[in-house]
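Chains, contacts and geometry: an overview
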Amino acid sequence: MAHRPGQKEESRARILQSAGRGFRSRGFGGSGVDGLAKDAEVTSGAFYAHFKSKADAFREAVVVGMQDLQRGVEQMRAQLGTRWRKGFIDFYLGDRRTCELADSCALQSLSGEVARADEATRRAYEIELRAIIDAVAAGLDGTPKARREEAISLLALLVGSVTLARAVDDPAISSEIAAAARKAALALNA
């Protein structure tokens, strides 16, 4: 049976997007190939036609998720100009903190999983993390070293605070964590 042009790529992208959502919401260990395939509305055989293993799909989902964040930073910088940093902080501590975990930022939701992953996944993550740091640093003031340090501090503060805010049950404490992190993030390089 012949496939229309681009159908294989569309299928792969759909599986990858669905797998990314599954990994973010259930973690690597909580996501089986059968469930990931079902979520993408394909068979397990179709899943394996695109990915050699669950680990390969995870690695690619991490890369795609990290690239999405990098593009988001670059778009926010382009749209908001000098106000991008505040906009990014507000967005990350607002929408990214309160959205469904499946829709959350890969940096926040998958970093712990990557720490337990194979070397190839950690290496791919590191490449993408460096690109995100560079994208954030490019929108900051100061020397190259100071911009890089601030970018790392900002990302670590935002990711850590969203992780904590998501882990508590009380919405008031979650909001308190976000407010404290927002204040600290805005004070960086002030």
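Structure's up top.
Residues numbered from 1 in each chain as written. Predicted model: local features only at pLDDT ≥ 70, side-chain atom pairs only at ≥ 80, totals over all residues. Heavy atoms only, no water.

Things to note about the overall build of the chain
When you go through the chain residue by residue, the secondary structure sums to ten helices and zero strands. Ordered by position in the sequence, the α and β elements of the chain form the string α-α-α-α-α-α-α-α-α-α. On C-alpha atoms alone, the chain measures out to a radius of gyration of 18 Å, which is about the 16 Å that the 2.2 N^0.38 rule sets for 190 residues. Here the C-alpha coordinates of the chain stretch approximately 60 × 35 × 30 Å along the principal axes. Evaluated residue by residue, the chain yields a buried proportion of 41% over its 190 residues. Look at the contacts in the chain between residues 6 or more apart in sequence, and 64% of them connect residues 24 or more apart. Roughly 10300 Å² of accessible area belongs to the chain as shown, and the carbon and sulfur atoms make up 54% of that amount. Charged side chains of the chain number 28 positive and 25 negative; the gap between the two group centres comes to 2 Å. (Helix = DSSP H or I, 4+ residues; strand = E, 2+ residues; numbered from the N terminus. Rg over C-alpha atoms; globule rule 2.2 N^0.38 Å. Buried < 20%, exposed > 50% of the residue type's maximum accessible area, 1.4 Å probe, protein only. Contact = heavy atoms within 4.5 Å. Areas by Shrake-Rupley, 256 points an atom, 1.4 Å probe, with all protein chains shown as cover. Lys, Arg positive; Asp, Glu negative; His and termini not counted. Charge placed at Lys NZ, Arg CZ, Asp CG, Glu CD.)

Quick word on the pattern of salt bridges
Should the charged atoms of two oppositely charged side chains come close, the side chains can pair. Inspection of the entire model under this criterion finds 14 salt bridges. For the salt bridge of D103 with R21, the shortest nitrogen-to-oxygen distance reads 2.0 Å. Here D103 is found in the loop between α6 (95-98) and α7 (106-115), whereas its partner R21 is found in helix α1 (residues 7-26), with 82 residues between them in sequence. The exposure class of D103 is partly exposed, given its relative accessible area of 33%. The network of salt bridges with common partners includes D56, R59 and D118. (Salt bridge = Lys/Arg side-chain N within 4 Å of Asp/Glu carboxyl O.)

Re helix α8 (residues 119-137)
Every α-helical turn comprises 3.6 residues, leaving residues that sit three or four positions apart pointing alike. When the terminal C-alpha atoms of α8 are compared, their 26 Å separation across 19 residues agrees well with the 27 Å that a helix rising 1.5 Å per residue should span. Restricting attention to buried positions, one finds in α8 the residues T121, A124, Y125, E128, I132, I133, A135, V136 and A137. Of the surrounding elements, those touching the buried residues of α8 are α4 (54-80), α5 (84-93), α7 and α9 (144-167). (Expected span 1.5 Å × (residues − 1).)

Considerations on the environment of F28
You can see F28 is positioned in the loop between α1 and α2 (33-39). Judged by relative accessible area, which is 25%, F28 ranks as partly exposed. In the structure, F28 is positioned 27 residues away from A55 in sequence and 8.3 Å away in space, judged by C-alpha atoms. Other than its neighbours up to four places away in sequence, F28 contacts F23, K54, A55, F58 and E113.

Quick look at the packing of α4 against α5
Between α4 and α5, the shortest axis-to-axis distance is 8 Å and the interhelical angle comes to 135 degrees. Here α5 runs oblique to α4, going by the angle between their axes. For the pair α4 and α5, the crossing hand works out as right-handed. Taking contact as the criterion, the partners of L69, V73, M76, R77 and L80 in α4 are, on α5, W84, G87, F88 and F91. (Axes fitted to C-alpha atoms, helices over the stretch in contact; angles between N-to-C directions. Parallel < 35°, antiparallel > 145°, perpendicular 65-115°, else oblique. Left-handed = near helix turned anticlockwise from the far one by under 90°.)

Details of the nonpolar core
By size, the foremost hydrophobic cluster in this structure holds 46 residues, and its most contacted members are F23, F47, F88, Y92, L107, V136 and L158. Every element with two or more residues in this core is listed here: α1, α2, α4, α5, α7, α8, α9 and α10 (171-187). The element that contributes the greatest number of residues to this core is α4, accounting for eight residues. When neighbours within four sequence positions are excluded, L107 is seen to be in contact with M66, L69, Y92, Y125, L129, L155 and V159. (Core = buried A, V, L, I, M, F, W, Y, C linked by side-chain atoms within 4.5 Å.)

Some points on the side chain of E150
By the element assignment, E150 lies in helix α9. Relative accessible area serves as the criterion here: at 6%, E150 is assigned to the buried category. In this structure, E150 is in contact with R85, L140, D141, L188 and N189, ignoring residues within four places of it in sequence.

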